[in-house]
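If you want the building blocks of each chain, they are given just below.
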Amino acid sequence: MRNLPFEYAARNLGRSPLRLMISVVGSVLVVVLATSAFAFVRAMDRSLTGSASEDNVILLGAGSEESIERSEISASVASQAQASVFGIRSEAGKAFVSPEVHAALGVALGPDAEPAGQAVFRGMTPAAFAVHPQVRLTKGRAPNTGADEVIVGALAPTRLGVDDERLSVGESIWVDGRALTIVGRFAAPNTVMDAEVWVPLTSIQTLTRREGVSCVVLTLDEGEFADVDLFVKSRVDLELAAIPEADYYDQLNAFYRPVKMMVWITAVLIGIGGLLGGLNTMYAAFASRVREVGTLQSLGFPRRAVVLSFVQESLLASAAGAVIGALICLLLLDGVSVRFSMGAFGLLLDGPTVGFGIAAGVALGLIGAVPPTLRCLRLPVAEALKAT
Amino acid sequence: MPLIECRQLSKTYRKGAGTIKPLDGLDLDIDAGRFLALMGPSGSGKTTLLNLIAGIDRPSEGALTIGGQNIAKLSRSRLAAWRADHVGYVFQLYNLVPVLTAYENVELPLLLHKLTRRERHERVATALSLVGLADRHDHYPRQLSGGQEQRVAIARAIVTDPQIIVADEPTGDLDKPSAHAVMELLCRLNSELNKTLIMVTHDAATAEYADQTLHLDKGRLVEHSVQAAFSGETATTRPEEGAAR
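Residues numbered from 1 in each chain as written. Chains lettered and ligands numbered in written order. Predicted model: local features only at pLDDT ≥ 70, side-chain atom pairs only at ≥ 80, totals over all residues. Heavy atoms only, no water.

What follows concerns the nonpolar core. Residues A:Leu59, A:Phe121, A:Val150, A:Ile173 and A:Val216 are the most contacted members of the largest nonpolar core, which totals 41 residues. By residue number, the principal contributor to this core is strand 4 (residues 97–108) of chain A, which donates five residues. Residues contacting A:Val150, with those up to four places away along its chain left out, are A:Phe121, A:Pro143, A:Ile173, A:Leu180, A:Thr181, A:Ile182, A:Val183, A:Gly184, A:Val197, A:Trp198 and A:Val199. One finds B:Tyr94, B:Ala102, B:Leu133 and B:Ile165 within the second-largest nonpolar core, a separate group that totals 39 residues. (Core = buried A, V, L, I, M, F, W, Y, C linked by side-chain atoms within 4.5 Å. Buried < 20%, exposed > 50% of the residue type's maximum accessible area, 1.4 Å probe, protein only. Helix = DSSP H or I, 4+ residues; strand = E, 2+ residues; numbered from the N terminus. Contact = heavy atoms within 4.5 Å.)

Next comes the structure, spelled out in structure tokens:
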């Protein structure tokens with residue numbers, strides 16, 4: 001054995017409670033930031049990628065491939081596509097063809113109230129449940145065609161900034177002064193749909209004074225994307241574009257990349273602040289032990305043993321901070337919903353996310369210990385023994 | 001054959017643009033079992049010589065052979081291993097590790113040797129008994145007096161049973177009774193355990209505990225005194241008149 005006893009590293013932590021506290025708090029800060037950033041980015045990714053179904057293809061207006069909300073196509077596209085495209089999935093004689101209107105509308109909580117916020121409304125027919133299997137009703141029923149009824153996603157209250165109970169089944173919301181009764185609640189975990197309000201297609205067409213639809217979503221069975229593409233290219237008069245649903249959400253994901261980058265940059269910058277604070281603390285802690293290090297070396301302990309012991313000491317402090325940080329995150333962040341322009345998503349602190357945060361904290365301890373230790377060992381032993 | 005042989009031993013340090021030479025072409029032989037005191041004014045090179053013999057510094061020039069091995073040529077890591085095997089160091093300010101108990105401090109050098117926990121325990125207990133602090137084994141340095149701390153440091157220096165014990169002003173921070181107790185202990189190590197002791201001191205009274213005193217000045221040996229076993233009689237020679245043996 002050529003290493004210093006572990007007790008040496010552990011007990012050194014108690015030499016300066018203030019320094020220990022600074023180290024632990026620095027680690028907590030870094031872990032909370034890293035975990036939050038990782039949870040945010042992962043949840044956003046998951047929300048966008050989870051919204052797509054592999055077999056779905058979206059038909060939308062040519063030139064509007066980047067935003068369904070901006071798209072306007074003829075309402076007849078649904079029936080024409082159903083009749084012309086080979087290999088569309090069907091069940092019990094019902095084809096998986098869903099004409100939809102997507103619109104961001106202001107929602108008021110009373111007949112004369114100002115809008116509480118904007119929500120993404122999806123005008124739909126019963127086929128929407130077939131092409132979007134992620135969606136399941138959790139309470140109530142689906143809205144009746146033509147009725148002023150809506151069903152509300154699990155994260156819609158977060159999107160609107162209202163209490164969940166305010167959007168319970170039986171309550172009403174108002175859009176442009178028109179009352180819409182909530183007849184059901186649905187969940188579509190880890191998708192953008194989770195924050196949407198679904199309304200019968202004809203009702204939203206009336207509300208938005210439009211005759212067409214935003215898009216038609218098809219689910220292919222035996223058919224391939226080329227079959228849909230052939231339809232689009234053969235019906236130039238319809239001015240359509242076809243895009244696999246997965247590609248559409250990948251594009252959206254790419255659109256939000258700068259936001260994610262900013263989240264990471266902010267986390268890294270604050271993390272660097274934490275690291276510098278930790279380095280400063282460690283420099284001070286180790287600098288006061290130069291003579292002790294000289295003594296240990298004079299006894300015959302190699303430099304490696306001193307480095308290892310100091311790293312152990314730093315890791316102990318940062319690991320304690322990491323555990324505290326992880327607990328704080330689990331208590332405060334798990335399940336928290338975050339609003340963004342596409343709707344809302346829920347932060348999920350699963351194993352990889354918490355593991356990443358703890359790893360960041362431990363890495364802080366490792367990186368924060370090595371430079372001060374090397375500086376402490378820079379002096380020759382004979383000079384270190386003279387240090388005060 | 002002497003235990004320690006210094007041949008044209010020099011040490012040069014850089015200081016700013018210039019250099020200083022605390023040790024300048026020193027020739028010295030020290031037999032095993034000697035108790036040697038090194039004296040001289042500040043900057044005379046006595047601590048430098050002590051550090052070279054202890055293997056915590058390396059000479060710039062010359063040869064330093066200890067037990068037949070030229071330690072000047074050892075790499076840093078091999079020199080560290082050599083120190084652990086051959087040298088015990090007693091410091092002026094004791095240099096105990098404050099977060100470890102007396103027992104753990106004494107045990108530290110043993111961690112560098114292949115010993116079982118039981119063997120380590122036996123050796124630590126023996127060393128602490130030898131310095132009269134067996135009952136203080138679980139005390140931390142802050143709970144001990146200066147003299148007791150130095151005795152723990154001596155126990156730490158002898159626990160590996162090294163050939164050579166070096167002491168740098170071992171009584172420099174102690175009151176008279178404690179200093180006397182420490183010197184008595186060092187004398188016992190020399191006379192009863194036949195340890196070779198090399199001690200740096202400023203104090204002539206402390207040097208009298210040694211059986212030889214070397215006076216250094218400007219990195220050179222200037223005087224060599226041999227005490228007649230605490231009788232107070234001292235024979236002094238110049239280095240050119242004979243080897244320092």
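Residues and elements named next belong to chain A. The domain architecture assigned to chain A consists of domain 1 (6–49 + 256–384) and domain 2 (74–238). Here the C-alpha centroids of domain 1 and domain 2 sit 46 Å apart. Interface of domain 1 and domain 2: buried area, both sides summed, is about 920 Å²; carbon and sulfur atoms make up 58% of it. Where domain 1 packs against domain 2, one counts zero salt bridges. The tally of links between domain 1 and domain 2 comes to two residue pairs in polar contact (both at pLDDT 80 or more). The set of elements that each furnish at least two residues to the side of domain 1 that touches domain 2 consists of helix 2 (17–49), strand 13 (337–340) and strand 14 (343–346). Looking at side-chain class alone, the side of domain 1 that touches domain 2 contains six nonpolar, five polar and two charged residues. (Domains from an automatic or database assignment. Buried area = accessible area lost by both parts, 1.4 Å probe. Salt bridge = Lys/Arg side-chain N within 4 Å of Asp/Glu carboxyl O. Polar contact = N/O pair within 3.5 Å; in protein donor to acceptor, adjacent residues only side chain to side chain. Nonpolar A, V, L, I, M, F, W, Y, C, P; charged D, E, K, R; others polar.)

We now examine the interface of chain B and chain A. In many reports, interface size means the accessible area that the parts give up when they come together. Facing the 26 residues of chain B at the interface are 23 residues of chain A. Where chain B abuts chain A, roughly 2200 Å² becomes buried across the two surfaces, and 62% of that area is made up of carbon and sulfur atoms. Considering only the surface of chain B that becomes buried against chain A, B:Val99, B:Leu111 and B:Leu112 emerge as the three largest contributors, covering 27% of it. Where chain B touches chain A, the interface holds one salt bridge. Across the pair A:Arg11 and B:Glu104 runs a salt bridge, and its minimum N-O distance is 2.5 Å. For the pair chain B and chain A, the interface holds six residue pairs in polar contact (both at pLDDT 80 or more). Ranked by residue count, the leading element in the side of chain B that touches chain A is helix 2 (residues 76–86) of chain B, at six residues. For the side of chain B that touches chain A, a count of residues per class yields 15 nonpolar, five polar and six charged.

We now examine the layout of surface pockets. Computed from the structure, the largest pocket encloses a volume of approximately 680 Å³. Looking at the largest pocket, it is lined by 29 residues, and the ones nearest its centre are A:Ala382, A:Lys386, B:Thr47, B:Asn51 and B:Asp168. Ranked by the residues each element gives to the lining of the largest pocket, the list is headed by helix 1 (residues 46–54) of chain B, at four residues. Along the lines of polarity and charge, the residues of the lining of the largest pocket split into ten nonpolar, eleven polar and eight charged. (1 Å grid on protein atoms, 1.4 Å probe; cavity = no way out; pocket = protein on both sides within 12 Å on 5 of 7 lines; lining within 4 Å. Points joined across faces, edges and corners; volume = space filled by probe spheres on them.)

Here we come to the pairing of strand 3 (residues 35–39) of chain B. All names here are of chain B. Of all five residues that make up strand 3, five are buried, and the element is covered over most of its length. Side chains Phe35, Ala37 and Met39 of strand 3 all project onto a buried face; the interleaved residues Leu36 and Leu38 project onto the opposite face, where all are buried too. The pairing of strand 3 with strand 8 (residues 196–200) spans four bridges and is parallel. Across the sheet, Leu36 pairs through a bridge with Ile198, a residue of strand 8. (Pairing = 2+ DSSP bridges.)

One can find B:Pro162 in the loop between helix 5 (146–158) and strand 7 (164–168). The sequence separation of B:Pro162 and B:Gly88 amounts to 74 residues, and the corresponding C-alpha distance is 6.1 Å.

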